[in-house]
Amino acid sequence: MKTAIVTGATSGIGEATVRALSSAGWQVVATGRRADRLEALAGELGDHVHAAVFDIRDADAIKAAIAGLPERFRGIDLLVNNAGLALGTAPAQSADLDQWHTMIDTNVSALVTITHHLLPQLIARKGAIVNIASVAGTYPYTGGNVYGATKAFVQQLSLGLRSDLHGTGVRVSVIDPGMVETEFTLVRTGGNRAASDTIYGGANPMTAEDIAATILWIATLPPHLNVNRLEIMPVSQSFAGFQVAREETS
Ligand code: NDP
Ligand code: 8X3
């Protein structure tokens, strides 16, 4: 039985990915801060799902959680780097610096740390890494500033890892989702349910299960295939043009 670790498994894409992998016969280490949710998920799915509760920004906690895995969950074949968040939608000039640091600590530093810890075993097992970036890493939008930059980091790191791991048999993929209805917008808006409902309302967004199915598909491709980068959006979403600030003419 293969073993995956899915970060950010207390809701949204991560939770759906744990369910999808578990249904497909994987053992899964599910991580996140909200212990009650992780324990409920593990309790529901059975003893092939292990709840590892820690704040992914805490490097010592990552190390301790990996070192403390029960014997049969040791040896990770698949790392799904999904934990992440956006905070705020303000333009840079009025953004909150603490929120910027939280996004960098979570989306960049934590992802780098857990990946570094797991690389030796991923190499030993010819495993795979699936990183969750975002369309926000490719297409800038007002208020996306640091969130988009963290996701551009994830995109480029993924390509760099692919290059570094050349010849090891380790696969590295990055998925850039567009709009997925999860708790993402609730978190971004500081718990504003009405704002979250407005964003997703009538948009027919992707579901967490759509992205989980994509992750499962990537992870179960024949071992000679590597999806380098995959951008996926709901049909209802596409691109807007550049903006132009015009001087007043008399
Ligand atoms: P959710 O808010 O539903 O899930 C985010 C997950 O990240 C939660 O399980 C949360 O767990 C975890 N997380 C956040 N901070 C920490 C932390 N400090 N320590 C441990 N875990 C943490 O959002 P999504 O499912 O949508 O987000 C998953 C990923 O997908 C993110 O990286 C996001 O940027 C990306 N994404 C989302 C899109 C969307 O439209 N929804 C589009 C493109 C990318 P907990 O709070 O319990 O710790
Ligand atoms: C989430 C997608 O466009 O809301 O990464 O930033 S977006």
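A quick note: this is a predicted structure, and the numbers were derived from the prediction, not measured.

**Student:** Can you lay out the pattern of salt bridges for me, pointing to particular residues and giving the numbers?
**Tutor:** The final tally for this structure, using the stated rule, is eight salt bridges. Across the salt bridge formed by Glu15 and Arg19, the nearest N and O atoms sit 3.0 Å from each other. You can see Glu15 and its partner Arg19 sitting in helix H1 (residues 12–23), four residues apart, about one turn around the helix. When its relative accessible area of 24% is taken as the criterion, Glu15 is described as partly exposed. The closest approach of N and O atoms between Asp176 and Arg229, which form a salt bridge, is 3.0 Å. In this pair, Asp176 sits in strand S6 (residues 171–177) while Arg229 sits in strand S9 (residues 229–232), placing the two residues 53 residues apart along the sequence. Residues joined in a network through salt bridges with shared partners are Glu15, Arg19 and Glu44.

**Student:** Explain the sheet that holds S6 residue by residue, including any values.
**Tutor:** Across the sheet, seven strands lie side by side as S3-S2-S1-S4-S5-S6-S9; this open sheet has parallel pairing. Both edges of this open sheet fall to strand S3 (49–53) and S9, since each of them pairs with a single strand only. Recorded for the sheet is a direction-independent mean angle of 15° between the axes of neighbouring strands. Taken together, the four bridges between strand S1 (residues 3–6) and strand S2 (residues 27–32) define a ladder with parallel strand orientation. Bridge pairing in S2 links Ile5 to Val29. In the packing of H1 onto the sheet, contacts are made with S1, S2, S3 and strand S4 (78–81), and the angle to S1 comes to roughly 170°. Sheet strands touched by helix H4 (residues 97–124): S1, S4 and strand S5 (128–132). Its angle to S4, the strand with the most contacts, is close to 170°.

**Student:** Tell me about the packing of H1 against helix H2 (residues 35–45), and name the residues and values.
**Tutor:** Interhelical geometry of H1 versus H2 gives an angle of 20° and a closest axis separation of 11 Å. Compared by their axis directions, H1 and H2 come out roughly parallel. With respect to the hand of their crossing, H1 and H2 are arranged in right-handed fashion. Packed against H1, whose contacting residues are Glu15, Val18, Arg19 and Ser22, the element H2 presents Leu41, Glu44 and Leu45 at the interface.

Thresholds, definitions, all that
Residues numbered from 1 in each chain as written. Chains lettered and ligands numbered in written order. Predicted model: local features only at pLDDT ≥ 70, side-chain atom pairs only at ≥ 80, totals over all residues. Heavy atoms only, no water. Salt bridge = Lys/Arg side-chain N within 4 Å of Asp/Glu carboxyl O. Helix = DSSP H or I, 4+ residues; strand = E, 2+ residues; numbered from the N terminus. Buried < 20%, exposed > 50% of the residue type's maximum accessible area, 1.4 Å probe, protein only. Pairing = 2+ DSSP bridges. Axes fitted to C-alpha atoms, helices over the stretch in contact; angles between N-to-C directions. Contact = heavy atoms within 4.5 Å. Parallel < 35°, antiparallel > 145°, perpendicular 65-115°, else oblique. Left-handed = near helix turned anticlockwise from the far one by under 90°.

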